[in-house]
Amino acid sequence: MKALNPIIAALGIAAATLLSNPVSAQIKIGSVLSVTGPASFLGDPEKRTLEMYVDAINAKGGVNGQKLQLVIYDDGGDANNARTFATRLVEEDKIAAMVGGTTTGATLAMIPVFEDAQIPFISLAGAIQIIEPVRKWVFKTPHTDRMACEKIFADLKRRNLTQVALISGTDAFGKSMRDQCVAVAPKAGITIAHEESYGPRDSDMTPQLTNIRNKAGVQAVINPGFGQGPAIVTRNYRQLGIALPLYQSHGVASKQFIDLAGPAAEGVRLPAAALLVADKLAANDPQKPVVVNYTKEYQQKTGQPVSTFGGHAYDGVMILVQAMERAKSADKAKVRDEIEKTKGYVGTGGVVTMSPTDHMGLDLSAFRMLEIKNGEWTLLSESGS
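Residues numbered from 1 in each chain as written. Predicted model: local features only at pLDDT ≥ 70, side-chain atom pairs only at ≥ 80, totals over all residues. Heavy atoms only, no water.

A.B. asks: Describe the overall build of the protein chain, listing the residues and the values that go with them.
C.D. replies: If you tally the helices and strands in the protein chain, you get eleven helices and 16 strands. Against the globule reference of 21 Å for 385 residues, the protein chain gives a C-alpha radius of gyration of 20 Å, in line with a compact fold. Seen through its principal axes, the protein chain has C-alpha atoms that stretch 65 × 50 × 40 Å. Taking all 385 residues of the protein chain together, 57% fall into the buried category. Within the protein chain, contacts between residues separated by at least 24 positions form 68% of all contacts whose residues are at least 6 apart in sequence. Accessible area of the protein chain: about 15,000 Å², with a carbon and sulfur share of 49%. (Helix = DSSP H or I, 4+ residues; strand = E, 2+ residues; numbered from the N terminus. Rg over C-alpha atoms; globule rule 2.2 N^0.38 Å. Buried < 20%, exposed > 50% of the residue type's maximum accessible area, 1.4 Å probe, protein only. Contact = heavy atoms within 4.5 Å. Areas by Shrake-Rupley, 256 points an atom, 1.4 Å probe, with all protein chains shown as cover.)

Here's what the structure looks like:
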């Protein structure tokens, strides 16, 4: 197969990449990702993954005898850019479907565009507002922030810890997860004893963490957020000598977080997809073949460690392609219907079964509780502490 030639078009900090051979490409799939900017450690592996698997699918003949053409725009982490590119994908590129939206903010900005155009949109972002309430044309692959709160709370209860403090990012994901944790805490038997927050440009969270350290009764700390903020929180946390258990969200589920936080990451716990511990899964785990194969292929192609964010993109494109195959068509409405009928898809994020009332299709068992030990991910037993 001929090598793929990217075509770059700049718009401010954003860029577009046209993937695949334009002569043979028949089905256009759009994507808007944060390849650069503060969320690049999410968007870059997503882009690499989409490129890898569109290439691989085309090498095997494409979908229903047609090649895929992937059009990627880089929003640089800016929601306004994301909406602009979404409009371009609809009006100029004439895409059949969309897989992308690295961040919650970008996704929420793009949803009206794809809903109005009646184009299937599979988001790669975390907040529950993306799929709740259900929107006809919108789906997503990652676990929700509400699920992250529930998973963390269950682990806290196993450790007999019930009084927690939150230090949350003020980005869309951080605010959403904070709200979800506050909402589900009473049912979980958890008390939010204190709250702090930080902005996306903050470089020192010592004042907020000092307030937490001085708050009587706090037994653990949860940090809803993504990007560099959680790494700064983690470093400041250790610098202040805070000995309480620290929990992060699945928004930091990549080796880059460990690298940024350094030795301070030791002992941090977080819920994440099985992908990060592929080699540690039981032999009979249904996800093991999928996550082991993806890990091997991604590392061979890129020379980089896997992250769950690339896995979200893998699941998004595979769910879309399988829906097109079942529909025997790239017709937008037929493909949308088939995405909604996804049942028993075994992906990097879990086993996905969607329905008209569930446009994600994952339950809490799809999350694994991990702890960072010696700079590596370790899988925690969920029967004890």
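A.B. asks: Lay out unusual backbone geometry with the relevant residues and their values.
C.D. replies: In this model, Glu 132 is joined to Pro 133 through a cis peptide bond whose omega is 5 degrees. Position of Pro 133 among the secondary structure elements: in the loop between strand S6 (121-123) and strand S7 (138-140). Located in the positive-phi region is Gln 118, a residue other than glycine, with phi close to 55 degrees. Looking at the element boundaries, Gln 118 is found in the loop between helix H3 (104-117) and S6. Its identity as a non-glycine residue notwithstanding, Lys 328 has a phi of 55 degrees, on the positive side. You can see Lys 328 is positioned in the loop between helix H10 (308-327) and helix H11 (332-340). Exposure remark for Lys 328: the relative accessible area of 69% places this residue in the exposed category.

A.B. asks: Just give me the short version of the confidence of the model for the protein chain, but keep the residues and values in it.
C.D. replies: Detailed reading of the predicted coordinates is not advisable wherever pLDDT falls low. Here the protein chain averages 92 in pLDDT, while 93% of its residues score no lower than 70. The model gives residues 1-25 a pLDDT under 50, and that stretch makes 58 contacts with residues more than four places away or in other chains. (pLDDT = per-residue confidence, 0-100.)

A.B. asks: Please give an account of the packing of aromatic side chains that cites residues and values.
C.D. replies: Overall, the coordinates contain seven aromatic pairs when judged by the stated rule. Considering the side-chain rings of Tyr 53 and Tyr 314, the 4.9 Å spacing of their centres and the 75 degrees angle between planes classify their relative orientation as edge-to-face. With Tyr 53 in helix H1 (residues 40-59) and Tyr 314 in helix H10, the pair connects residues that are 261 residues apart, well separated along the chain. The same class applies to Tyr 53 and to Tyr 314, which are both buried. Here the aromatic rings of Phe 114 and Phe 121 are separated by 5.0 Å at their centres, their planes lie at 50 degrees, and the arrangement is tilted. The class of Phe 121 is buried, set by a relative accessible area of 0%. (Phe/Tyr/Trp six-rings, centres within 6.5 Å; stacked < 30°, edge-to-face > 60°.)

A.B. asks: Hey, could you go over empty space enclosed by the protein for me, with residue numbers and the actual values?
C.D. replies: What the rule picks out here adds up to two cavities of 30 Å³ or more. Taken as a whole, the largest cavity encloses approximately 140 Å³ of empty space. What lines the largest cavity is a set of 15 residues, among which Leu 42, Ala 125, Gly 126, Phe 173 and Gly 251 lie closest to the centre. Taken together, the residues of the lining of the largest cavity sort by class into seven nonpolar, eight polar and no charged. Counted as a void, the second largest cavity has a volume near 40 Å³. Every residue along the wall of the second largest cavity is listed here: His 143, His 250, Ala 272, Ala 273, Thr 308, His 312 and Phe 367. (1 Å grid on protein atoms, 1.4 Å probe; cavity = no way out; pocket = protein on both sides within 12 Å on 5 of 7 lines; lining within 4 Å. Points joined across faces, edges and corners; volume = space filled by probe spheres on them. Nonpolar A, V, L, I, M, F, W, Y, C, P; charged D, E, K, R; others polar.)

A.B. asks: So what's going on with the pattern of salt bridges? Which residues, and what values?
C.D. replies: Counting across every chain of the model gives 15 salt bridges. Residues Glu 132 and Arg 146 are paired through a salt bridge, measuring 2.8 Å at the closest nitrogen-oxygen approach. Here Arg 146 lies in helix H4 (residues 145-158) and Glu 132 lies in the loop between S6 and S7, a separation of 14 residues in the sequence. For Arg 146, a relative accessible area of 25% corresponds to the partly exposed category. (Salt bridge = Lys/Arg side-chain N within 4 Å of Asp/Glu carboxyl O.)

A.B. asks: How would you explain the nonpolar core if you had to name every residue and give the values?
C.D. replies: In this structure, Phe 114 and Leu 156 are the most contacted members of the largest nonpolar core, which totals 116 residues. Ranked by residues supplied to this core, first place goes to H10 with nine residues. Apart from residues lying up to four places away in sequence, Phe 114 is in contact with Ala 86, Leu 89, Val 90, Ile 95, Met 98, Ile 119, Phe 121 and Trp 137. (Core = buried A, V, L, I, M, F, W, Y, C linked by side-chain atoms within 4.5 Å.)

A.B. asks: Account for the state of the cysteines, naming residues and giving values.
C.D. replies: All told, the structure shown has one disulfide when counted by the stated rule. Here Cys 149 pairs with Cys 181 through a disulfide, and the sulfurs are 2.1 Å apart. Classification of the bridge connecting Cys 149 and Cys 181 rests on its S-S torsion, roughly -90 degrees, and on that basis the disulfide is left-handed. Taken as a pair, Cys 149 in helix H4 and Cys 181 in helix H5 (residues 172-188) lie far apart in primary sequence, 32 residues in all. Judged by its relative accessible area of 0%, Cys 149 is buried. (Disulfide = S-S within 2.5 Å.)

A.B. asks: Can you break down the environment of Ala 327 residue by residue, with the values?
C.D. replies: Along the chain, Ala 327 falls in helix H10. Residues Ala 327 and Ile 339, spaced twelve residues apart in sequence, show a C-alpha to C-alpha distance of 9.5 Å.

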